[in-house]
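These are the residues of each chain, in order.
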Amino acid sequence: MATYDSHMNEAAPGNLPLRLDNCSIERALGVVGEKWTFLVLREAFGGVRRFADMQAATGAPRQVLSARLTRLVEEGLLRKVPYREPGQRQRDEYRLTQMGLDLYPTLVALMQWGDRYLSDHEGPPVLITHRGCGATVEQHFRCAEGHEVAGPREVTPLPGPGVRLRPTASASPGSPSLASPASAGSA
């Protein structure tokens, strides 16, 4: 497997690194970039819906779990669904929304990375299999034309239509830079 070399981060003329002011990775990490959040999502993907069951499965302190569930509901990844056991008060279950379900490939990729580099010598603790045939699930990158993309050496990040770049200290007034979407698109 190819490794990430330092020269891949060097700026070449016309190929300056993007210093985003509105980075989607940074925004996503603002929502899910914390251990307990990922463990809550792991359990939700496994069908765990109730607070007590999530607490038992994750080992999260009650206040931490409550805060994570509240945040995931506020951010739109989970929704509350009321339920009532006979003789008990009404409580809420937590169910994944479409936004939450769309994180599944991310969790599987993180798990498979952990399996590859951090699992015990016996192998992965969990295998993800296709319910239809029983084969293990693999993730692959493909471009819009259907070509398989092996890794970071085969991709080129380009400014998108919503890019907002941070001004750099080295940019002098009036000099062309990647500070605006128009100039970024022509690089």
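About the criteria used
Residues numbered from 1 in each chain as written. Predicted model: local features only at pLDDT ≥ 70, side-chain atom pairs only at ≥ 80, totals over all residues. Heavy atoms only, no water. Helix = DSSP H or I, 4+ residues; strand = E, 2+ residues; numbered from the N terminus. Buried < 20%, exposed > 50% of the residue type's maximum accessible area, 1.4 Å probe, protein only. Contact = heavy atoms within 4.5 Å. Arc of directions from axis to C-beta.

Visitor: How do you make sense of the overall build of the protein chain when you look at a structure like this?
Guide: Scanning the protein chain for helices and strands turns up 7 helices and 4 strands. Counting from the amino terminus, helix and strand elements in the protein chain follow one another as α-α-α-α-β-β-α-α-β-β-α. Here the protein chain, with 187 residues, has 21% of them falling under the buried criterion. Pairs at least 24 residues apart make up 49% of the contacts formed inside the protein chain by residues separated by at least 6 positions.

Visitor: Just checking my understanding: could you explain the environment of Leu-96 for this structure?
Guide: With respect to the helices and strands, Leu-96 occurs in strand S2 (residues 91–96). The exposure class of Leu-96 is buried, given its relative accessible area of 17%. On a C-alpha basis, the gap between Leu-96 and Leu-77 in space is 6.0 Å, while along the polypeptide they are 19 residues apart. The residues contacting Leu-96, other than those within four sequence positions of it, are Leu-41, Ala-44, Phe-45, Leu-77, Leu-78, Arg-79 and Leu-101.

Visitor: Explanation requested: helix H3 (residues 51–58) in the structure shown.
Guide: Structurally, the α-helix is built with 3.6 residues per turn, so residues lying three or four positions apart point the same way. For H3, the full list of buried residues reads Phe-51, Met-54 and Thr-58. For H3, the angular spread of buried residues about the axis comes to 65°, placing them on one side. Facing away from the buried side of H3 by over 90 degrees, the exposed positions are Ala-52 and Ala-56. Phi turns positive, to about 75°, at Gly-59, one or two residues after H3.

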